[in-house]
Amino acid sequence: RNQHKNSVFRIFLMQTYGMDYINKNNGTIVDVAGGKGELSFELINLSGAKESVVVDPRPLNLGLVKTKWNKGLFEPKRTGVFSKWYPACEDGCKERDPRTPKHLRCFFDSQAFLKFVLADESEEIEHTNTHFEREMMRARNIVWTAKGLQHEDGASYNDVDADPVTETDLI
């Protein structure tokens, strides 16, 4: 059902923003809530984006997309009509090693992100850095299973009351 969702979304981005925008020399694509990292993998290896960073608490899982790569399923000659959507593979891609997107394993909400980016005084910067490091540690202590997000002790993540961050912590 959702077998090709990342490819479809990548093609949508290419059509909407154009290859020049995606392939900017100094740009980095930030794939927030990027899950396994497959969209970022396709953006850097098939579309030719310079760099992409996945922001997600889960570890990257690129096994399936790398298997497709190694089997040559992205080769322009094999894909025919779809080859225009693989501009970084014009000369073939099976013979080169794929690049892995960068990964920032952390929890990130919009309010914390704005505080982090807009902090300008040393005390604010120190506070947001501490919060950011705590969120990275929290992400390292969770496990994604068939039952959903789990804390390392096996409890459901939503049931764990480990030092919750309140809105006043971010102000």
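Preceding this section is the structure that the text describes.
Let us look at the structure shown here. These figures come from a predicted structure and were not determined experimentally.

For the rest of this paragraph, the subject is the overall build of the protein chain. Looking only at helices and strands, the protein chain features seven helices and five strands. Starting at the N terminus and ending at the C terminus, the protein chain contains elements arranged as α-β-α-β-α-α-β-α-α-β-β-α. Put simply, the protein chain has 171 residues, and 33% of those count as buried. In the protein chain, once contacts between residues fewer than 6 apart in sequence are set aside, the share between residues at least 24 apart is 63%. Per element, the accessible surface of the protein chain, about 11300 Å² overall, is 51% carbon and sulfur.

Our focus in this paragraph is helix α6 (residues 122-140). At 3.6 residues per turn, the α-helix brings residues three or four places apart onto the same side. A rise of 1.5 Å per residue sets the reference length of α6, with its 19 residues, at 27 Å; its end C-alpha atoms lie 27 Å apart and thus fit the reference within 8%. Burial in α6 covers these residues: Thr128, His131, Phe132, Glu135, Met136 and Ala139. Down the axis, α6 shows its buried residues gathered within 140 degrees of arc, on one side only. Exposed and facing more than 90 degrees away from the buried side of α6 are Ser122, Glu123, Glu126 and Glu133.

The rules we used
Residues numbered from 1 in each chain as written. Predicted model: local features only at pLDDT ≥ 70, side-chain atom pairs only at ≥ 80, totals over all residues. Heavy atoms only, no water. Helix = DSSP H or I, 4+ residues; strand = E, 2+ residues; numbered from the N terminus. Buried < 20%, exposed > 50% of the residue type's maximum accessible area, 1.4 Å probe, protein only. Contact = heavy atoms within 4.5 Å. Areas by Shrake-Rupley, 256 points an atom, 1.4 Å probe, with all protein chains shown as cover. Expected span 1.5 Å × (residues − 1). Arc of directions from axis to C-beta.

Limitation: the analysis is restricted to geometry and does not speak to function.
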